[in-house]
There are 4 protein chains.
Amino acid sequence: MSIESLGEAQQHDLDFQPASQRGWRRRVFDVIFHHEAGAPRLFDIVLIAAILLSVLVVILDSEAELHRDYAPLFYALEWGFTIVFTIEYALRILVVKRPVRYAGSFFGIIDLLSILPTWLSLFIAGSQYLLVVRVLRILRVFRVLKLVRYVDEAGLLLLSLRRSRRKVLVFVFAILNLVVIFGALMYLIEGPENGFTSIPVSMYWAIVTMATVGFGDIAPHTALGQFVTSILILIGYGIIAVPTGIYTAELANTLREKQLDSSRCPSCNVPTPLADATYCHACGALLKEKE
Amino acid sequence: MSIESLGEAQQHDLDFQPASQRGWRRRVFDVIFHHEAGAPRLFDIVLIAAILLSVLVVILDSEAELHRDYAPLFYALEWGFTIVFTIEYALRILVVKRPVRYAGSFFGIIDLLSILPTWLSLFIAGSQYLLVVRVLRILRVFRVLKLVRYVDEAGLLLLSLRRSRRKVLVFVFAILNLVVIFGALMYLIEGPENGFTSIPVSMYWAIVTMATVGFGDIAPHTALGQFVTSILILIGYGIIAVPTGIYTAELANTLREKQLDSSRCPSCNVPTPLADATYCHACGALLKEKE
Amino acid sequence: MSIESLGEAQQHDLDFQPASQRGWRRRVFDVIFHHEAGAPRLFDIVLIAAILLSVLVVILDSEAELHRDYAPLFYALEWGFTIVFTIEYALRILVVKRPVRYAGSFFGIIDLLSILPTWLSLFIAGSQYLLVVRVLRILRVFRVLKLVRYVDEAGLLLLSLRRSRRKVLVFVFAILNLVVIFGALMYLIEGPENGFTSIPVSMYWAIVTMATVGFGDIAPHTALGQFVTSILILIGYGIIAVPTGIYTAELANTLREKQLDSSRCPSCNVPTPLADATYCHACGALLKEKE
Amino acid sequence: MSIESLGEAQQHDLDFQPASQRGWRRRVFDVIFHHEAGAPRLFDIVLIAAILLSVLVVILDSEAELHRDYAPLFYALEWGFTIVFTIEYALRILVVKRPVRYAGSFFGIIDLLSILPTWLSLFIAGSQYLLVVRVLRILRVFRVLKLVRYVDEAGLLLLSLRRSRRKVLVFVFAILNLVVIFGALMYLIEGPENGFTSIPVSMYWAIVTMATVGFGDIAPHTALGQFVTSILILIGYGIIAVPTGIYTAELANTLREKQLDSSRCPSCNVPTPLADATYCHACGALLKEKE
């Protein structure tokens, strides 16, 4: 469920083959795994509505007042959605050519996680709230409803994220070092009587502070602690620029390359970097119709 | 009232036609809808002063002490401004050629919202505070007082925002997914006894935390909750770079294109990207006077 | 005391002419207004030490414990520094050619503000804490101690800030509109019983929230208030990118132009954009010594 | 232990020479200071495991409950690790050619700080928590486990940080000026009764506020204080863009230069900026195999 697997996930439904080329399993496969107009499109829309409704039920059920008044209704709806999704999951396993590959894919796991908590809630109280993971199934939405341009944009963002991955990891590693050292330092300086009850708690506080969240549930009270906190904040303020810088530079690079690729002269294949060029600057071929 | 309609709004007064070409309606139209020196300019300045004063009255009226001492004065002023603005709105409807188009335009709606709350306050207590929406009428200011260059700059910013719109939407969608999942997770881990009274409240907390606002009205108390919070913060810290990166890259593109457009050789129309060039590098024509 | 006047301020000492070309006033002028080695350099260093010490005294004097024990000492030091700085100010007025122009310049005002609070404290208790404004006198430091390269860097930053000025103003205007409208909205929704005691307080809260500071001294308690807050935060999160984008794009432009300017072939004056070029790519002249 | 010395540190182990060319000291030197496969690699992995375990022991020991139950075990482990690391440190001193240069290098100091606190804890209670500085020894990890590409990325980031160093210092200096002035101002306005107990505390609050951390442990209560806070926040919001802009622009420059360097035609040495070029645009030489 990393960022990269999310990126791959968005293209996977069409990668699967039907288990058989004819019969009901083929028809079910077409409806479930395809997205063109007609029955597949209708199935997609019903599925999205069901997912959104089922997540809404879970969220509303957590409100004490609503739970008191409508618990039986929510309970029935939850089981209803779970049974429908369980049947859908079983069908997907049945009609796909390589069920194990599907079950191990990003959406295969999400589909399983979308029904498991209800069954678990028979044994473990509260686990039904994990059903909100169903919301990830909506990612399929991007393929439907002609949102292809959004998929392109998402792909561009993910490509830039993937390219800046190593730099960001180096950066996170540096952050964690600072968190450990400042966490221990503040635990020594402030101590349990000022809320820094242990080094792990101090590390939590250091993360909250460096990321400029600053809940204030724990805050330094001694003069030395406030001085060290100021240092930590100035460091955090200085390095908040780093991931932004990394990502912006990579994104600008990706955009530039994409522009170079997309704007080549169809006649001589020379890149035409000027966005408003009407004729190729090298061979004079017409690049776009005059408006 | 989206960002885009704001952009269009700034150019609209001159798009309207007078209802009649002569008579008092034509004269009123010129005063209200035009902005050149003389009566129209004076009208604009009086209008801006009235708007600012009326918003100030609403703001001051909300102060308990001032309300106690000056309630009748504020009440009178409020009704005074409302009646003046109502007359102005009626005049605009009367003198414009296509009143329905005006009433449905961005400023037409704002003009209506600027008088409605006072009339509503006869029936619904407190609604008069919505009068602050009048402040949006000031956006007209940009056209007056020779602030044209600011309109250009605003247009540049809005163009970049519009270009990065789809990318930002993909990003907001990703945020919302994280908010739902971490909201439910924290509700399960911390529970109502630590302030996470329901999933919607937990989602509110997740937004407050990811955006690094961190009020601290709700904060994790269990060790596991603090660990999950740290993860959430690190993710939020990592992706705060994304919209900045998107917008910066788009703005840099927009600026570059604008520069290419604005710096073409007047003789051979070749772009002259060097900012300090005196002669065109292609045909040798004089680009600017030597200083 | 705007950003721009700060930029100008850093070059001003050398812009002043001595009142007379010989005699003690000329000698004092050279010591005070010049920065070369010898007496002027020594004067600068003593002045910086005096400024830092005097600010430190003000800061330490505000600590209740230190004030209790050392109040007489701090009082004496404060008056000592004030008298020294007053004499220095009087000398500057005396020896400069156009005293009014000096008194009205950035550092002329700062110099006056650095002595005024002590004299005022004879009449108004507490005003001596304003003496910390003396710290601004340190800005002169940049010229001394061969910090010229820092002045260049500061100039580059200020140039970019100046270029992005209009865009940032448009942005601040948009922020203020949002602050007024969301402030009034939250005052209506939450009301005085939840800490939103008036619209000005709500506007303060809206600024604290949009800028992701989030003190938590005021926080929404109703479900609707938390929802509106989430919207406000998402908007704030989205537009935090705008000033960064503006400034980054302008700074990148400024850097590029500076690089183009600074890297011209000394022989044929063609720009040489490749940072590691040894020979001019146009005429083959040697650009830099091989390492 | 500045950022720059961290950068140099990552390349230093191989800079040292053995004290003798043969005998046990040479063999120990090869194991400790080298990183190739076999014994040196095994030593590295064991060392990393020992460092991580020892830091974990320190962190867990700070938890009150765990300390109560396992204090003797943690105590024994701490001394065990300290003795092992002390022996390792002694060996490093013994087998290296210039022990003083090693002891004064970045990792030499870290190695010493990694054992000192335990010995100090015999005299000063609590100092053993400083042992978390051991985590910095992990920085050596980057050389091991074939993480060379990460070292490259880190080098790129550090080069950009180094280039933007002067600009960031100018920026920090500006921040500190604002902190002193707003700190004194808020101390005057709010005073000790609202939590601003002294100017240093107000300066701490100003840093917490400008960096958008906003703990809320101290917050303005007077109307004037809230107004000044709003101004401070808007200023902070505006200048948060500055270090991001600086760093992004420098990083983009560094990336571009690196790309120009890495993509030169092997035949004529002309830079080939088009990422997807197959032939050199100048001499026609084949740049990369067709895919």
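Residues numbered from 1 in each chain as written. Chains lettered and ligands numbered in written order. Predicted model: local features only at pLDDT ≥ 70, side-chain atom pairs only at ≥ 80, totals over all residues. Heavy atoms only, no water.

## Focus: the overall build of chain A
Counted only if it meets this: Under the scheme used here, helices are H or I runs from DSSP no shorter than 4 residues and strands are E runs no shorter than 2 residues, and both carry numbers assigned from the N terminus. Burial classes follow relative accessibility: with a 1.4 Å probe on protein chains only, a residue under 20% of its type's maximum area counts as buried, one over 50% as exposed, and anything between as partly exposed. We call two residues in contact whenever any of their non-hydrogen atoms come within 4.5 Å of each other. The accessible surface values rely on the Shrake-Rupley method and a 1.4 Å probe; as for residues, cover is taken only from the protein chains in view.
Regarding its fold elements, chain A presents 12 helices and zero strands. Ordering the α and β elements of chain A from the N terminus gives α-α-α-α-α-α-α-α-α-α-α-α. A buried classification covers 49% of the 291 residues belonging to chain A. Sequence separation of at least 24 residues holds for 57% of the intrachain contacts in chain A that already meet a minimum separation of 6. If you sum the accessible surface of chain A, you get close to 13500 Å²; carbon and sulfur atoms cover 66% of it.

## Section: the interface of chain A and chain B
For clarity, the threshold we go by: Salt bridge criterion: a side-chain nitrogen from Lys or Arg within 4 Å of a carboxyl oxygen from Asp or Glu. Polar contacts, as counted here, are pairs of nitrogen or oxygen atoms within 3.5 Å of one another; within protein the pair requires one atom able to donate a hydrogen and one able to accept it, and residues that are adjacent in sequence qualify only if both atoms are side-chain atoms.
With 51 residues of chain A at the contact, the number on the chain B side is 48 residues. Put simply, chain A and chain B have zero salt bridges between them. Put simply, chain A and chain B have three residue pairs in polar contact (both at pLDDT 80 or more) between them. For the side of chain A that touches chain B, the elements supplying multiple residues, two or more each, are α3 (39–61), α8 (148–163), α9 (165–190), α10 (199–210), α11 (223–239) and α12 (241–262) of chain A. No other element matches the nine residues that α12 of chain A contributes to the side of chain A that touches chain B.

## Let's talk about the interface of chain C and chain B
Under the convention used in this document: What gets called buried area is simply the loss in accessible area from a 1.4 Å probe that two parts show on being joined, summed for both. In this count, Pro and Cys sit with the nonpolar residues alongside Ala, Val, Leu, Ile, Met, Phe, Trp and Tyr, while Asp, Glu, Lys and Arg are called charged and the others, Gly among them, polar.
The interface is formed by 48 residues belonging to chain C together with 51 residues belonging to chain B. Together chain C and chain B conceal approximately 4200 Å² of surface at their shared face, both sides included; 74% is due to carbon and sulfur atoms. Summed over the three residues of chain C that lose the most area to chain B, namely R166, K167 and Y237 of chain C, the buried surface amounts to 18% of that side. Linking chain C with chain B are zero salt bridges. The interface formed by chain C and chain B contains three residue pairs in polar contact (both at pLDDT 80 or more). Of all the secondary structure elements, the ones that give two or more residues to the side of chain C that touches chain B are α9 (165–190), α10 (199–210), α11 (223–239) and α12 (241–262) of chain C. When residues of the side of chain C that touches chain B are assigned to their parent elements, the largest contribution, 13 residues, is made by α12 of chain C. Classifying every residue of the side of chain C that touches chain B gives 27 nonpolar, 14 polar and seven charged.

## Some details on the relation of the copies chain C and chain B
Heads up, the condition is: Alignment of copies: least-squares fit on C-alpha atoms of residues with pLDDT of at least 70 in both copies.
Once chain C is rotated about the relating axis by 90 degrees and shifted along it by 0.0 Å, it coincides with chain B to within an RMSD of 0.1 Å. The superposition of one copy onto the other is thereby described by a four-fold rotation axis. Looking at chain C, a mere 15% of its interface residues are interface residues in chain B too, so the copies touch through different faces.

## As for the nonpolar core
Worth spelling out the cut-off: As used in this record, nonpolar core signifies buried Ala, Val, Leu, Ile, Met, Phe, Trp, Tyr and Cys residues forming a set joined through side-chain atoms within 4.5 Å.
In this structure, I199 of chain B together with I199 of chain C are the most contacted members of the largest nonpolar core, which totals 236 residues. In this view, I199 of chain C contacts V58, I59, S62, Y129 and V132 of chain B together with A184 and Y187 of chain C; residues no more than four positions away in its chain are not counted. I32, V95, I115 and I138 of chain B belong to the second largest nonpolar core, which has 18 residues in total.

## With respect to the environment of G214 of chain C
Residues and elements named next belong to chain C. Mapping G214 onto the fold places it in the loop between α10 and α11. Judged by its relative accessible area of 0%, G214 falls in the buried class. For the pair G214 and V133, spaced 81 residues apart in sequence, the C-alpha to C-alpha distance is 28 Å.

## Observations concerning the relation of the copies chain A and chain B
Here chain A sits on chain B after a turn of 90 degrees about the axis and a move of 0.0 Å along it, with an RMSD of 0.1 Å. Mapped onto chain B, only 14% of the interface residues of chain A again fall at the interface, so the copies present different surfaces.

## Side note on α11 of chain C
Stated formally: Multiplying 1.5 Å by the residue count of a helix minus one yields the expected span of that helix.
For α11 of chain C, which comprises 17 residues, the first-to-last C-alpha distance of 25 Å matches the rise-based estimate of 24 Å (1.5 Å per residue) to within 8%. The complete set of buried residues in α11 of chain C reads G225, Q226, V228, T229, S230, L232, I233, G236, Y237 and I239 of chain C.

## Re the confidence of the model for chain A
Caution is warranted with low-pLDDT regions, since their predicted coordinates should not be read in detail. Residue and element names in this part refer to chain A. To keep things clear, this is the line we draw: The pLDDT score gives, residue by residue, the confidence of the prediction method on a 0 to 100 scale.
In this model, chain A carries an average pLDDT of 77, and 77% of its residues clear a pLDDT of 70 or more. The lowest-confidence element of chain A is helix α1 (residues 3–9), averaging 42 in pLDDT; the highest-confidence one is α10, averaging 93. Low pLDDT, under 50, characterises residues 1–11; the stretch is placed with 18 contacts to residues that sit more than four places away or in other chains. Two numbers describe this predicted complex: its pTM, 0.82, and its ipTM, 0.79.

## Points about helix α4 (residues 64–95) of chain A
All names here are of chain A. What counts here: Axes are fitted to the seven residues ending at a residue and to the seven starting at it; the angle between these axes is taken as the bend at that residue.
In α4, a bend of some 85 degrees at Y70 exceeds every other bend along the element, and P72, a proline, comes one to four places later. Every buried residue of α4 is listed here: F74, E78, W79, F81, T82, F85, E88, Y89, R92 and V95. Structurally, α4 contributes buried residues whose contacts are with α2 (24–33), α3, α5 (99–104), α6 (106–113) and α7 (116–120).

## Quick notes on the pattern of salt bridges
Inspection of every chain in the model, using the stated rule, returns 16 salt bridges over all chains. With its nearest N and O atoms 3.2 Å apart, the salt bridge here joins R26 of chain B to D30 of chain B. Of the two residues, R26 of chain B and D30 of chain B are both situated in helix α2 (residues 23–33); the distance of four residues between them amounts to about one turn of the helix. For D30 of chain B, a relative accessible area of 22% puts it in the partly exposed group. Within this structure, E88, R92 and D111 of chain A form a network of salt bridges that share partners.

## Examining unusual backbone geometry
Residue and element names in this part refer to chain B. Phi at T212 is positive, roughly 60 degrees, even though this residue is not glycine. Inspection of the secondary structure puts T212 in the loop between α10 (199–210) and α11 (223–239). The exposure class assigned to T212 is buried, which follows from its relative accessible area of 4%.

## Remarks on the packing of aromatic side chains
For clarity, the threshold we go by: Side-chain rings of Phe, Tyr and Trp, where Trp is taken by its six-membered ring, are said to pair if the distance between their centres is within 6.5 Å; with planes under 30 degrees apart they count as stacked, over 60 as edge-to-face, and otherwise as tilted.
Applying the stated criterion across every chain yields a total of 24 aromatic pairs over all chains. The interplanar angle of 80 degrees and the centroid separation of 4.9 Å between the aromatic rings of W79 of chain A and W119 of chain A together place this pair among those described as edge-to-face. In this pair, W79 of chain A is assigned in helix α4 and W119 of chain A in helix α7, connecting sequence segments 40 residues apart. Since its relative accessible area comes to 14%, W79 of chain A is described here as buried. With centroids separated by 6.3 Å and ring planes inclined at 25 degrees, the aromatic side chains of F81 of chain A and F85 of chain A adopt a geometry described as stacked. Of this pair, F81 of chain A and F85 of chain A are both found in helix α4, four residues apart, which corresponds to roughly one turn of the helix. Of the two residues examined, F81 of chain A and F85 of chain A, each falls in the buried class. Feature note: the residues F196 and W205 of chain A together with F215 of chain D constitute an aromatic cluster, connected by ring pairs.

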